[in-house]
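Inside the fold
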Amino acid sequence: MPIPNGGLITETNRQYYAGAQQFNTAATASVGQTFTSTFETNLVFGNSDPATNGYNLNNFKLYTSADANTWTELNPTSAIASTTGKNTAVIVAVGNPVNIPLTLANADVLKDMTVVNASTGVVYGTVLADSSNPWTSISCNITTQIPVSTDLRFQFASPWTEAANIITVNASLPASTYLKIQMNEDTLWDMHGDYSYTRLDDVINNFLIAYVGPGKLIPSVKRTDVIFHAKRGLQEFSYDTLRSVRSQELSVPESLAVVMPQDYVNYTRLSFIDSMGVQHTIYPANALTLRPYATPIQDNEGIPTQDSNNSNLDGTSKITQEWDANNPKKISGAYLNDYNVADIYWQNYYNGSLGQRYGLNPETSQRNGWFIVDDRKGLFGFSSDLKEKLITLEYISDGNAYDLDLRIPKLAEEALYSHILYSILSTSVGIQEYVVQRFKRERSAKLRNAKIRLSNIKLDTIIQVMRNKSKWIKY
Amino acid sequence: MAINVNTVYQTVLLILNKEQRGYMTPVEFNKIGTQTQLEIFETYFDSLNQQLRVPQANTDYADRVVNLDEKISIFKEFGNAPSISSSNVFNLPQQLGHNTGKASVIGMETAPTATAGATTQYVIGNNTAAPPQTITAAQVPNGVIQVFGNGSLISPSEYTINGLNIDFHSQPTTGLTLIVNYYPKQFYRLGQVLYQVGALNTEELQRVDRGELYHLLSSKLTQPTTVNPIYLYENNQITVYPTSISSGLSVSYIRKPLPPIWNFSLGGNNQYLYSAVSSYNFELHPADQTELILKILLYAGVVIKDPEIIQVAAAQVQQENINQQS
């Protein structure tokens, strides 16, 4: 089904897989043609000039083609958006209007084009009126004097703009050619797999349609109430139900500390990655050390001292310094030349130490290193054996950090409706308690159902695990 | 879909004149008619609220909510709300007409001029009679337009109006004298406010009051966005949040029924002769004709100081209300 036909899918195969939407330009060449994007993802526009910083904000590029085969990006210096010329052997003074005498030009010069130096990019002024062949004189508003015999380029500062998913091409598009919106790669990543989610706005609208109205348990409710409960529900679900674990690949610097991610709520696991790319879980050092919240500088009698603003003076933590300087192998009891790559064929060390490590504390007998959460500074601290190691930080967010996060897996959509319904009923007056309890149970059941669905327990995975039953584990 | 003003007037006169009880002048009738129409119109909303709380029969013609909605639908309007100086404050759609400073009913009569080469298209001209009145293309969507041909009202299905042009679907009779009346619509109640710009989805705005606004703007979870915008409705203006919204606002609203006019010319014996061209019918649904007449009679009883008329009319109106709401 390549063409959307009234189902939930509204993008064509090409839009989804290639991130491209193609248009035919008008039958006659003209400026100001508009093209409407039908991507599910909204277009984001900063600038159409790659030389500007705003261009990096765009989540798409615009291409033109004469044959829909070879595509050229549309930018200020594109052949169809600019033209060149050379003023004759006279100086063109500042003024408005001023005619630039030209000796050469290769395409129409259009109103609102910018006059720039073809080699240096210096801006001289703007074109006041359209001009076509033979281009002997162009009426302009000149703000910077043009030297004698200067190679000029007439270009649009913004050959195209975008607003509310409608692209307006300021340049003159040739007749019956092609234009293409091409999504950037990272945008395409976001688009792929998006069908397994429902946008929170859709959930809110669906809820208002199906659960609110005359003759229903909720005759009327404010939209902002529904938004609040939906977002709170998404937050709660993010903590323990949804597959919303995020991860970052980091390396531990000299300072043995990395900053918490901007959307961090809690960690799920920290691991270091060995040279084979295998991850080894790093354990929390909770029982071994801590990061003090405050380190007041004390006087000789132990009383904290204050600065000129009457606030306690704060020093650096000696606990942290000493923890950073220690050798974790002295805690774990590991050999100093311990090897920590997941290579089962490297057995020299193990062969020599088999049966010789009785009496170790299992809690600290690990060679993967430790981390500690420094809530005062918003950091993760690491033990010194992890210095310059590659680590992964897996953490959970609350599903509300960015616009793209505001979506719920379809497998948990029903649970979210139940959550909103219960939350509204339980905070409304005049609702009988048995009704509230009914929806409390319903919410609980649907949430449990969503957890089971999202835990991704597949039959073949269970079979694989169960095969271990046949393995001899005792001699 | 209107109640003929002449039918109502003649019926009222017939009942009043029976047994020589009294008489009601056209001026009195027009004023009482306006009052009565508004009274019935206002009951629609309370009745709808009442009926929404009662289980309805999902049967054709018997669903009271649907029936009430049908009556209200005559006055439902939808239009763009213009932004004031490209800000987040918007005027109501009908205010374009009010800003002219003219009376709420212009009652403009104008002889249209046929445009060259298109005999089915006519341009709404100016009324040269004192005081001279004109309308603009921008005002047209904000008013009710009636077109008369040789004194008879032409059905709106026979023409469409684009700007100041009246395009007839078939060529009118040669020599037909066309008269155009324009009545600006008056805003009555605000319905939904929608925001739509470019190719983005349409979003419904939520109405809040100033007390809530502070909390909503302060809460990060409920802060208004372009996807979940909110508005304040104060002093006949809509203030939208987030403040980045400065265009693309449209509103659904209920307009006020236009006042009925029973207009006349004087006959040879100085008698009143009904003039359809300059009269305006009751806009209420035909189902309300009986109630309308009874209520006018009730007021007429007060005017002519006849308690018996008041009692009979009041009893009838009450009986009708009981039937409709029980």
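All figures in this text were calculated on a predicted structure; none of them were measured in a lab. (Residues numbered from 1 in each chain as written. Chains lettered and ligands numbered in written order. Predicted model: local features only at pLDDT ≥ 70, side-chain atom pairs only at ≥ 80, totals over all residues. Heavy atoms only, no water.)

Attention now moves to the pattern of salt bridges. All names here are of chain A. Going through the model one piece at a time under the given rule, you end up with 20 salt bridges over all chains. Across the salt bridge formed by R246 and D263, the nearest N and O atoms sit 3.3 Å from each other. Taken together, the residues span a long stretch of sequence, with R246 in strand 15 (residues 245–251) and D263 in the loop between strand 16 (257–259) and strand 17 (266–273) at a distance of 17 residues. Relative accessible area serves as the criterion here: at 10%, D263 is assigned to the buried category. If you follow the salt bridges from partner to partner, you end up with R291, D324 and D374 in one network. (Salt bridge = Lys/Arg side-chain N within 4 Å of Asp/Glu carboxyl O. Helix = DSSP H or I, 4+ residues; strand = E, 2+ residues; numbered from the N terminus. Buried < 20%, exposed > 50% of the residue type's maximum accessible area, 1.4 Å probe, protein only.)

Moving on to the sheet that holds strand 13 (residues 178–183) of chain A. All names here are of chain A. One open sheet accounts for 4 strands, arranged 1-13-3-4; its pairing is antiparallel. Edge positions in the sheet fall to strand 1 (20–24) and strand 4 (72–73), since each of these pairs with one other strand and no more. Sheet topology places strand 1 next to strand 13; 5 bridges connect them, and they run antiparallel. When the bridges of strand 13 are listed, Q22 appears paired with K180. (Pairing = 2+ DSSP bridges.)

Residues and elements named next belong to chain A. Within the largest apolar cluster, 35 residues are counted, with the highest numbers of intra-cluster contacts made by I100, V115, F154 and V169. When residues of this core are traced back to their parent elements, those giving at least two are strand 3 (60–65), strand 6 (95–105), strand 8 (123–127), strand 9 (137–142), strand 10 (151–155), strand 12 (166–169), strand 13 and helix 2 (185–191). I100 has contacts with N87, V92, V115, T136, S137, I138, C140, I142, I146, L152 and F154, leaving out every residue within four places of it along the chain. (Core = buried A, V, L, I, M, F, W, Y, C linked by side-chain atoms within 4.5 Å. Contact = heavy atoms within 4.5 Å.)

Once that is clear, we can look at the packing of aromatic side chains. In this description, a pair of aromatic rings is defined by centroid distance and the angle of the planes. Tallied over the full model, the rule gives 26 aromatic pairs over all chains. Centre to centre, the rings of F23(A) and F35(A) are 5.3 Å apart; their planes meet at 55°, and the pair counts as tilted. Taken together, the residues span a long stretch of sequence, with F23(A) in strand 1 and F35(A) in strand 2 (residues 33–36) at a distance of 12 residues. Judged by relative accessible area, F23(A) falls into the buried class, the value being 13%. Chaining the aromatic ring pairs together yields one cluster made of Y9(B), F29(B), W262(B), F264(B), Y272(B), Y274(B) and F282(B). Directly above the aromatic system of Y293(A) lies the positively charged group of R376(A), at a separation of 5.7 Å from the ring centroid. Looking at R407(A), its charged tip hangs above the ring of Y197(A), at a distance of 3.8 Å from the centre. (Phe/Tyr/Trp six-rings, centres within 6.5 Å; stacked < 30°, edge-to-face > 60°. Lys NZ or Arg CZ within 6 Å of the ring centre and 35° of its normal.)

Looking along the chain, the bond that leaves N96(A) and enters P97(A) is cis, with omega of -5°. The residue P97(A) is located in strand 6 in this model. In this structure, the amide linkage connecting Y241(B) to the following residue, P242(B), adopts the cis form with an omega of 5°. Along the chain, P242(B) falls in the loop between strand 13 (237–241) and strand 14 (249–256).

A few words on the pairing of strand 14 of chain B. Residues and elements named next belong to chain B. The element strand 14 is extensively covered by neighbouring structure, given that 7 of its 8 residues are classed as buried. Direction of pairing for strand 1 (residues 76–80) relative to strand 14: antiparallel, over a ladder of 5 bridges. The residue of strand 14 that forms the bridge with F78 is S252. In this structure, strand 10 (residues 186–195) lies alongside strand 14, joined through 7 bridges in antiparallel fashion. Within the sheet, the bridge partner assigned to V193 lies in strand 14 and is V251.

With 15 residues of chain B in contact, the opposing surface of chain A contributes 16 residues. Interface area, chain B with chain A, both sides summed: about 1400 Å², of which 62% is carbon and sulfur. When the buried area of chain B at its contact with chain A is split by residue, Q206(B), L221(B) and N228(B) rank highest and sum to 42% of it. Along the contact surface separating chain B from chain A lie 1 salt bridge. Between E212(B) and K222(A) there is a salt bridge, and its shortest N-O distance comes to 2.2 Å. Applying the counting criterion to the chain B and chain A interface returns 6 residue pairs in polar contact (both at pLDDT 80 or more). (Buried area = accessible area lost by both parts, 1.4 Å probe. Polar contact = N/O pair within 3.5 Å; in protein donor to acceptor, adjacent residues only side chain to side chain.)

Before going further, it helps to spend a moment on the environment of V180(B). Residues and elements named next belong to chain B. One can find V180 in strand 9 (residues 178–184). Given a relative accessible area of 1%, V180 falls into the buried group. In the structure, V180 is positioned 100 residues away from Y280 in sequence and 12 Å away in space, judged by C-alpha atoms.

The next point concerns the domain arrangement of chain B. Residues and elements named next belong to chain B. When its domains are assigned, chain B resolves into domain 1 (5–74 + 277–325), domain 2 (77–93 + 193–255) and domain 3 (98–184). Across the boundary between the two partners, domain 1 contributes 5 residues, which contact 8 residues of domain 3. Across the domain 1/domain 3 interface, buried area totals approximately 520 Å², and carbon plus sulfur atoms make up 60% of it. When the area that domain 1 buries against domain 3 is broken down by residue, the three leading residues are V277, S278 and Y280, summing to 85%. Remark: the boundary between domain 1 and domain 3 carries 0 salt bridges. (Domains from an automatic or database assignment.)

Residue and element names in this part refer to chain B. For helix 5 (residues 210–218), every residue scored as buried is listed here: E212, L213 and L216. Down the axis of helix 5, the smallest arc covering the buried residues is 110°, so these residues share one side. The exposed residues of helix 5 that point more than 90 degrees off its buried face are Y214 and H215. (Arc of directions from axis to C-beta.)

Next up on the list: the sheet that holds strand 12 (residues 230–234) of chain B. Residue and element names in this part refer to chain B. What the 7 strands build is an open sheet, ordered 1-14-10-11-12-13-2; its pairing is mixed. Strands with a single pairing partner mark the edges of an open sheet, and in this sheet they are strand 1 and strand 2 (89–91). Along the sheet, successive strands turn relative to each other by an average axial angle of 35°, direction set aside. Relative to strand 12, helix 5 is tilted by about 155°, and along the sheet it contacts strand 12 and strand 13. (Axes fitted to C-alpha atoms, helices over the stretch in contact; angles between N-to-C directions.)

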